[in-house]
2 protein chains.
Amino acid sequence: MDILVVKISSGMVLTKWNRKYYEIKETFMKNIITVICCVAFFTSNAQTFEKDSIMLRSIHTETLTKGKAYDWLHHICYQIGHRLSGSHGEKKMIEFLKTELEELNTDVKLQPVMVPHWVRGLPEYAYIQTAKNKITPVPILALGGSVATPASGIKGQVIEFKSLEDLEKADINSVIGKIVFLNGALPNEYIDAFDSYSACGSQRYSGARVAVNKGAIAVIVRSLSHKIDDHPHTGVMSYEDLPKSRHIPAAAISTKGADLLSTLLVLNPKLEFYFKQNCKTFDDVQSYNVIGEIKGSLYPDEIITFGAHLDSWDVGHGAHDDGAGVAQSLEVIRIFKSLNYKPKRTIRIVLFANEENGARGGQKYAEESKKNRENQIFALETDAGGFSPRGFNLRGEAQKIEKIKMWEKLFTPYYIHLFRKGYPGLDISPLQTENNVLAGLVPDSQRYFDHHHSETDVFDAVNKRELSLGAAAITSLIYLVDMYGL
Amino acid sequence: MDILVVKISSGMVLTKWNRKYYEIKETFMKNIITVICCVAFFTSNAQTFEKDSIMLRSIHTETLTKGKAYDWLHHICYQIGHRLSGSHGEKKMIEFLKTELEELNTDVKLQPVMVPHWVRGLPEYAYIQTAKNKITPVPILALGGSVATPASGIKGQVIEFKSLEDLEKADINSVIGKIVFLNGALPNEYIDAFDSYSACGSQRYSGARVAVNKGAIAVIVRSLSHKIDDHPHTGVMSYEDLPKSRHIPAAAISTKGADLLSTLLVLNPKLEFYFKQNCKTFDDVQSYNVIGEIKGSLYPDEIITFGAHLDSWDVGHGAHDDGAGVAQSLEVIRIFKSLNYKPKRTIRIVLFANEENGARGGQKYAEESKKNRENQIFALETDAGGFSPRGFNLRGEAQKIEKIKMWEKLFTPYYIHLFRKGYPGLDISPLQTENNVLAGLVPDSQRYFDHHHSETDVFDAVNKRELSLGAAAITSLIYLVDMYGL
């Protein structure tokens, strides 16, 4: 900005470039002053807030100028790759995390947990057959937890439903012996893409269970994405209480494939759909939550847990889901170390095993914590993508949430405005008590489901600065909880 | 959400999927109620605000479910392509916009304006020579407005500066006869990427003028991007008051190329840089601002101008800069038509010619407007990328800005939180009076300069929902200004 100020004051003609930008607000120092002023209005203890606003600025500067989150994510994406429970990638990830946390001088522990072991096997294959010699291949992915088709594949007529409720209401005679095609598209009208996902997520999770009760031989589910493309999105499904003998194969079809199938069904309701997948569920295997701890200097018994999940689906890099969260969590520790910040309370990073197809890591961590009567005052999860941070979802004791909301003004220079009640995340949910607060980072949601659980969830879909800003946001909130307790 | 509510109330085990999302806030209806409640707190006229909140919701639903902005952008990117002043693409763009505005039943006018005509010519070529037979090609792009090198190219030793100020301070003897390499990297510590751009934008705009006064034979400028990659970023430069005889060639080098050159210079300060470009400035040519108008039903003399620029740089698609803004501006008209909204005031869409290398369109429009003594009460520009909207920059009469800020609560369900004083945009700036307000859409800034003025500013870099949400944000603000005046 100085350059421009000098230039403008010297009476130079305001040319395109400098006219375009000379008026924008003057750097972060001005922001700090604004924060200090605003906050002083709400509290007599302006000095404390000044100190905090300077600390938040230091946290942001540290990660934006010397951050390692993006390098960690690069390593996770390219040196490890995807990492479903029980896979080689998962083992490599656990080793990597242990090494990195040791390098960060934390006290590291591997917490054993048994996890599901589902394997996709050979690539799936599917086509729509509209006439004897007329087939159109379409991209599918087996849903996590699904059984295989017979080795020769499965073929049948198709009946389409726009939602799980429509299937539930259907006459069994119209479904029996057919392949159910659940074609609920993510609704567009919601502002938060997670709301869209919620609105038809159950067709993926419960589609097979409902379909089999109507006599279906298989289920094909429209991918849970707003984007119309050729990349199917997998994700967990469950047969719930169905006996093994009644399990039918379940797969996701790409949104483009779903639109094609739907259109062709209008033209020819008797067309047939063929698909083949040879996925398999093996016995549970040993895995680990990777836990790093820095003991609190003043209140070691008050524990602040934060983290992300170390596993991912077995397509793409698992970059946004949840390589980004893992990298951000490691960055929290690095920032504190780098700024020489010694926590008053015990800060514990947990990289959870098996969020994607069982959530066993989160359950195990909470079980052990309860067994040891730990006082988990606050837990924070980052598992909603590495996009520009917008705020936090908060759940728990009302007065404590109000206390956190009072810190919102400190975050406005970083365009963090959402401090709201909401769902914090799957892995930390079992830690909830009547007295504590759980938080989830809320990044911008618009692009998340374009990539979620698909082969496009890769390193290049993550922006370095957005990732770092998310790390700074969670570090800032953890710092405030550590400083003032809850 | 209903599906889940039914499922949860039936006592089903909370499985991964539904646990993950059942708690998130319940759809937009809840948002509307929140808005209504909040706003009622500030005004006794709750009914008005209820009506407005419903209108804003209608605007958002309309564009998110039936929007055309993304299709328009697709046409601009793939059927028209880039469109620098004087190019064939620019002519096609003007025709396209005229046709589309006529289809939208607006009163269309082409406003003549003479614009610069600079042509890149053959692709540029550059290499670093570290020894007699050792050359490393690096990607460059001529800066807009630069002169060509001699036909055989230009070659010389290189002197590197980290900023324009450093060059200004340099001893002329160290520079004379050399190629100046301005290697100021966008600073990382700013939160808003536009602040980073501002901090070293002058090296691109004024580099040649300063360098030639130190006796340099050419200037090479580091691309104005945070991203380290092989794509150089062009943009406008100016020789300002230098006579033609003293113009030296100026080019942008990719960030990766700049890092390489800088490193090699440390190893061998005597290395040579070679580059060739045959760009040329021709005589000014005829162009047009494309203007569409809907006459106000109650206050036709009060004019609300909004728009974007129709030109782009001559690399990539000009998707974010500013195809996105053009598509969003057309969408404003379409939304109003589709919702059958009849403006009280005169609503005028202006697609400005020649923002990129001269800003002549914006100047012309303001000149004509002044000549006709028009009452421009409000003008809004969208020229900061098609990313998720965060708010508005506002400039103008203080009390009127305060009035606009009072509407902020209506925008919170859409995660629009920034209503701040700031620079609105280049094309509308000449419309400023003492009594009016100018506004610029503020999208998330993090990815903008990754693409800005480079070959990666393509259709696929724009997300459909983010683009639509931006269109809804500006439509909402224009609606409120139209309803209540300023």
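Residues numbered from 1 in each chain as written. Chains lettered and ligands numbered in written order. Predicted model: local features only at pLDDT ≥ 70, side-chain atom pairs only at ≥ 80, totals over all residues. Heavy atoms only, no water.

(A) Here's a closer look at helix α13 (residues 360–371) of chain A. Residues and elements named next belong to chain A. Over its twelve residues, α13 extends 16 Å from the first C-alpha to the last, a length consistent with the 16 Å expected when each residue adds 1.5 Å. Taken as a whole, α13 has its buried residues at G361, G362, Y365, A366, E368 and S369. The arc enclosing the buried residues of α13, seen along the axis, measures out at 165°, which places them on a common side. Projecting away from the buried face of α13 at angles above 90 degrees are the exposed residues K370 and K371. As for α13, its buried residues are in contact with β1 (107–119), β10 (280–294), β11 (299–309), β12 (345–352) and β13 (375–381). Positive phi shows up at R373, right after α13, with a value of about 50°. (Helix = DSSP H or I, 4+ residues; strand = E, 2+ residues; numbered from the N terminus. Expected span 1.5 Å × (residues − 1). Buried < 20%, exposed > 50% of the residue type's maximum accessible area, 1.4 Å probe, protein only. Arc of directions from axis to C-beta. Contact = heavy atoms within 4.5 Å.)

(B) A look at unusual backbone geometry. All names here are of chain A. In this structure, the amide linkage connecting D321 to the following residue, D322, adopts the cis form with an omega of 5°. Despite not being glycine, R373 has its phi angle at roughly 50°, a positive value. By secondary structure assignment, the location of R373 is in the loop between α13 and β13. The exposure class of R373 is exposed, given its relative accessible area of 77%.

(C) Main features of helix α6 (residues 88–103) of chain A. Residue and element names in this part refer to chain A. Between the first and last C-alpha of α6 there are 23 Å, a value that for 16 residues agrees with the 22 Å anticipated at 1.5 Å per step. Listing the buried residues of α6 in full gives G89, E90, M93, I94, F96, L97, E100 and L101. Projected down its long axis, α6 carries its buried residues within an arc of 170°, all on one side. Exposed residues pointing more than 90 degrees away from the buried face of α6 are listed as H88, E95 and E103. Buried residues in α6 make contact with α5 (69–80), β1, β10, α12 (319–338) and β12. A positive phi of about 60° marks N105, the residue just after α6.

(D) Examining the packing of aromatic side chains more closely. The tally for this structure, following the rule as stated, stands at 36 aromatic pairs over all chains. With centroids separated by 5.4 Å and ring planes inclined at 70°, the aromatic side chains of Y341 of chain B and Y479 of chain B adopt a geometry described as edge-to-face. Residue Y341 of chain B is found in the loop between α12 (319–338) and β12 (345–352), and its partner Y479 of chain B is found in helix α17 (residues 464–484); the two are separated by 138 residues along the sequence. Like Y479 of chain B, Y341 of chain B is buried. Among the aromatic residues, those joined into a cluster by ring pairs are F194, Y197, Y448 and F449 of chain A. (Phe/Tyr/Trp six-rings, centres within 6.5 Å; stacked < 30°, edge-to-face > 60°.)

(E) Representation of the sheet that holds strand β5 (residues 154–161) of chain B within the structure. All names here are of chain B. A sheet is described by the order of its strands in space; here eight strands give the open sequence β3-β2-β9-β5-β6-β7-β8-β4, paired in mixed fashion. Both outer strands of the open sheet, β3 (134–137) and β4 (140–142), are each paired with one neighbouring strand and no more. Sheet twist, expressed as the mean angle between neighbouring strand axes with direction ignored, is 30°. In the sheet, strand β2 (residues 125–131) pairs with β3 via four bridges, with the strands oriented antiparallel. (Pairing = 2+ DSSP bridges. Axes fitted to C-alpha atoms, helices over the stretch in contact; angles between N-to-C directions.)

(F) Representation of the environment of Y127 of chain B within the structure. Residue and element names in this part refer to chain B. Position of Y127 relative to the elements: it lies in strand β2. Along the backbone, Y127 and K276 are 149 residues apart, and their C-alpha atoms lie at a distance of 9.5 Å. For Y127, the residues in contact, after removing those within four places along its chain, are I135, T136, P137, V138, K155, E272, F273 and Y274.

(G) The domain arrangement of chain A, seen in detail. All names here are of chain A. According to the domain assignment, chain A contains domain 1 (55–118 + 283–484) and domain 2 (122–278). Distance from the C-alpha centre of domain 1 to the C-alpha centre of domain 2: 33 Å. Each partner contributes residues to the interface: domain 1 has 18 residues there, and domain 2 has 22 residues. Note on domain 1 versus domain 2: buried area summed over both sides is about 1600 Å², and carbon and sulfur give 62% of it. Among the residues of domain 1 in contact with domain 2, W118, F449 and D450 are the three that bury the most area, contributing 38% of the side total. The tally of links from domain 1 across to domain 2 stands at one salt bridge. The partner of D192 in a salt bridge is R420, and the shortest N-O contact between them spans 3.4 Å. Where domain 1 touches domain 2, the interface holds nine residue pairs in polar contact (both at pLDDT 80 or more). Here the element with the most residues in the side of domain 1 that touches domain 2 is helix α16 (residues 448–451); it accounts for four residues. By residue class, the composition of the side of domain 1 that touches domain 2 is six nonpolar, eight polar and four charged. (Domains from an automatic or database assignment. Buried area = accessible area lost by both parts, 1.4 Å probe. Salt bridge = Lys/Arg side-chain N within 4 Å of Asp/Glu carboxyl O. Polar contact = N/O pair within 3.5 Å; in protein donor to acceptor, adjacent residues only side chain to side chain. Nonpolar A, V, L, I, M, F, W, Y, C, P; charged D, E, K, R; others polar.)

(H) Up close: empty space enclosed by the protein. In total, this model carries ten cavities of 30 Å³ or more according to the counting rule given. Put simply, the second largest cavity is a space of about 100 Å³. Among the residues forming the lining of the second largest cavity, the class breakdown is seven nonpolar, three polar and three charged. (1 Å grid on protein atoms, 1.4 Å probe; cavity = no way out; pocket = protein on both sides within 12 Å on 5 of 7 lines; lining within 4 Å. Points joined across faces, edges and corners; volume = space filled by probe spheres on them.)

(I) Representation of the sheet that holds strand β8 (residues 250–253) of chain A in the model. Residue and element names in this part refer to chain A. With mixed pairing, eight strands are arranged side by side in an open sheet as β3-β2-β9-β5-β6-β7-β8-β4. Taken across any chain shown, the strands that pair with only one partner, and hence form the sheet edges, are β3 (134–137) and β4 (140–142). Strand-to-strand twist across the sheet, computed as the mean angle between neighbouring axes with direction ignored, equals 30°. Relative to strand β9 (residues 272–276), strand β5 (residues 154–161) runs antiparallel, the two being bridged by four bridges. Within β9, the position partnered with I154 by the bridge is F275. Where helix α10 (residues 202–213) meets the sheet, its contacts fall on β6 (179–182), β7 (218–222) and β8, and the angle it forms with β7 comes to roughly 155°.

(J) Region of the structure containing the packing of α12 of chain A against helix α17 (residues 464–484) of chain A. Residue and element names in this part refer to chain A. Viewed as axis vectors pointing N to C, α12 and α17 meet at an angle of 55°, and their least axial separation amounts to 9 Å. The pairing of α12 with α17 is recorded here as oblique in orientation. The handedness of the crossing between α12 and α17 is right-handed. Residues A324, Q328, E331, V332, I335 and F336 of α12 form the contact with α17, whose own contacting residues are L467, G470, A471, I474, T475, I478 and Y479. Residues belonging to the contact of α12 with α17 are distributed by class as follows: nine nonpolar, three polar and one charged. (Parallel < 35°, antiparallel > 145°, perpendicular 65-115°, else oblique. Left-handed = near helix turned anticlockwise from the far one by under 90°.)

(K) Quick peek at the pairing of strand β2 (residues 125–131) of chain A. All names here are of chain A. Across five bridges, the pairing between β2 and β9 is antiparallel. Paired with I128 across the two strands is F273, which belongs to β9. Joining the antiparallel neighbours β2 and β3 is a turn of two residues.

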